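Next come the chains, spelled out residue by residue.
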Amino acid sequence: GAVVSQHPSWVICKSGTSVKIECRSLDFQATTMFWYRQFPKQSLMLMATSNEGSKATYEQGVEKDKFLINHASLTLSTLTVTSAHPEDSSFYICSAPLAARAADTQYFGPGTRLTVL
Amino acid sequence: AQSVAQPEDQVNVAEGNPLTVKCTYSVSGNPYLFWYVQYPNRGLQFLLKYITGDNLVKGSYGFEAEFNKSQTSFHLKKPSALVSDSALYFCAVSGDSNYQLIWGAGTKLIIKP
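Quick look at the structure, then. Being a predicted model, the structure only gives us computed values, none of them experimental.

The rules we used
- Residues numbered from 1 in each chain as written.
- Chains lettered and ligands numbered in written order.
- Predicted model: local features only at pLDDT ≥ 70, side-chain atom pairs only at ≥ 80, totals over all residues.
- Heavy atoms only, no water.
- Disulfide = S-S within 2.5 Å.
- Helix = DSSP H or I, 4+ residues; strand = E, 2+ residues; numbered from the N terminus.
- Buried < 20%, exposed > 50% of the residue type's maximum accessible area, 1.4 Å probe, protein only.
- Pairing = 2+ DSSP bridges.
- Axes fitted to C-alpha atoms, helices over the stretch in contact; angles between N-to-C directions.
- Contact = heavy atoms within 4.5 Å.
- Buried area = accessible area lost by both parts, 1.4 Å probe.
- Polar contact = N/O pair within 3.5 Å; in protein donor to acceptor, adjacent residues only side chain to side chain.
- Salt bridge = Lys/Arg side-chain N within 4 Å of Asp/Glu carboxyl O.
- Phe/Tyr/Trp six-rings, centres within 6.5 Å; stacked < 30°, edge-to-face > 60°.

Residue and element names in this part refer to chain B. Enumeration over the complete set of coordinates arrives at two disulfides over all chains. Here C23 pairs with C91 through a disulfide, and the sulfurs are 2.0 Å apart. Linking C23 and C91, the disulfide has an S-S dihedral of approximately -60° and is accordingly described as left-handed. Remark: C91 occurs in strand β10 (residues 87-95) and C23 occurs in the loop between β3 (19-21) and β4 (24-26); sequence separation between them is 68 residues. Comparing C23 with C91, the two get one shared label, buried.

Spelled out as structure tokens, the structure:
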């Protein structure tokens, strides 16, 4: 199957700093990637759809100025949490389908655990 | 509106017994149904999917799921559970016009030796 990596796997930062999380498709090109947030013992919440070469599409209630997404190449999307606060602490997961079709399987990165002190 | 329901927060099964994790869905048009598994502090791993054709879908690690259109269900099953199957299981659906996945709340599966 296709492989998606995330870096870092975990990060601890001070309140007010910015944190960048990378999502890479290792063996395929991904014109679209998805960013999710997952709280403990809860389901995935879609934050935004990252589109290569264009602006990301954010879900309702997600602050685009706080969660900056850049999809500069066909294998890399980044999520930057700006001016992070303790309430931003969460597990962030990215995914990418092999093709942007409804029936296509999404492949997930291993996730990034963010802790804001 | 599209939705997915996993009615059980947790399912407990003895090792060696069959297991079922339930999922029902609501979607306009043709549904594309997926099961994923998540181990602690890990991303999600794809188990199986239904797109079209045979209602019984076989997937990874001995899991299978049956698509039932009349009951709008896609229950995950395995004939003989292993302790290593203990994890969080998610059902998801997408429709013809939108490849974004709609997720169920997840079911924690606990297999006891």
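What follows concerns the sheet that holds strand β8 (residues 76-81) of chain A. Two orientations exist for strands paired in a sheet by backbone hydrogen bonds: parallel and antiparallel. Residues and elements named next belong to chain A. The strand order β1-β3-β8-β7 describes an open sheet built from four strands, whose pairing is antiparallel. The sheet terminates laterally at β1 (4-7) and β7 (67-73), the two strands that pair on one side only. Between one strand and the next, the sheet's axes are offset by a mean angle of 15°, whatever the strand orientation. Where β7 lies against β8, five bridges are found, and the strand directions are antiparallel. Following the sheet pairing, L68 is matched in β8 by T80.

Contacts between the two partners involve 23 residues from chain A, matched on the other side by 23 residues from chain B. In this assembly, chain A packs against chain B so that about 1700 Å² is buried in total across both faces, 56% of it on carbon and sulfur atoms. Inspection of the region where chain A meets chain B yields six residue pairs in polar contact (both at pLDDT 80 or more). Of all the secondary-structure elements, those providing two or more residues to the side of chain A that touches chain B are β4 (32-38), β5 (44-51), β9 (90-97) and β10 (106-108) of chain A. Looking at which element gives the most residues to the side of chain A that touches chain B, the answer is β4(A), with four residues.

A few words on unusual backbone geometry. Here the bond from A:H7 into A:P8 is cis, since omega is 0°, no more than 30 degrees from zero. Relative to the assigned elements, A:P8 resides in the loop between β1 and β2 (10-13). Backbone geometry at A:S83 places phi at a positive 45°, although glycine is not the residue there. Position of A:S83 relative to the elements: it lies in the loop between β8 and β9. In this model, B:T72 sits at a positive phi of 45°, which is unusual for a non-glycine residue. According to the relative accessible area criterion, B:T72 is partly exposed, its value standing at 30%.

Turning our eyes to something else, we now look at the pattern of salt bridges. Tallied over the full model, the rule gives four salt bridges over all chains. The salt bridge partner of A:R24 is A:E22, with a shortest N-O separation of 3.5 Å.

Residue and element names in this part refer to chain B. According to the stated counting rule, one finds twelve aromatic pairs over all chains in the structure shown. Ring centres of Y36 and W103 lie 5.4 Å apart, and the angle between their planes is 50°; this geometry places the pair in the tilted category. You can see Y36 sitting in strand β5 (residues 32-38) and its partner W103 sitting in strand β11 (residues 98-103), a full 67 residues away along the chain. Across the pair, exposure class does not vary: Y36 and W103 are buried alike.

The next point concerns the pairing of strand β3 (residues 19-25) of chain A. Sheet faces and side chains relate simply in a regular strand, where the side chains alternate between the two faces. All names here are of chain A. Here β3 shows a clear split, with V19, I21, C23 and S25 buried on one side and none of K20, E22 and R24 buried on the other. Of the strand pairs in this sheet, β3 and β8 are connected by six bridges, and their pairing is antiparallel. Bridge pairing in β8 links K20 to T80.

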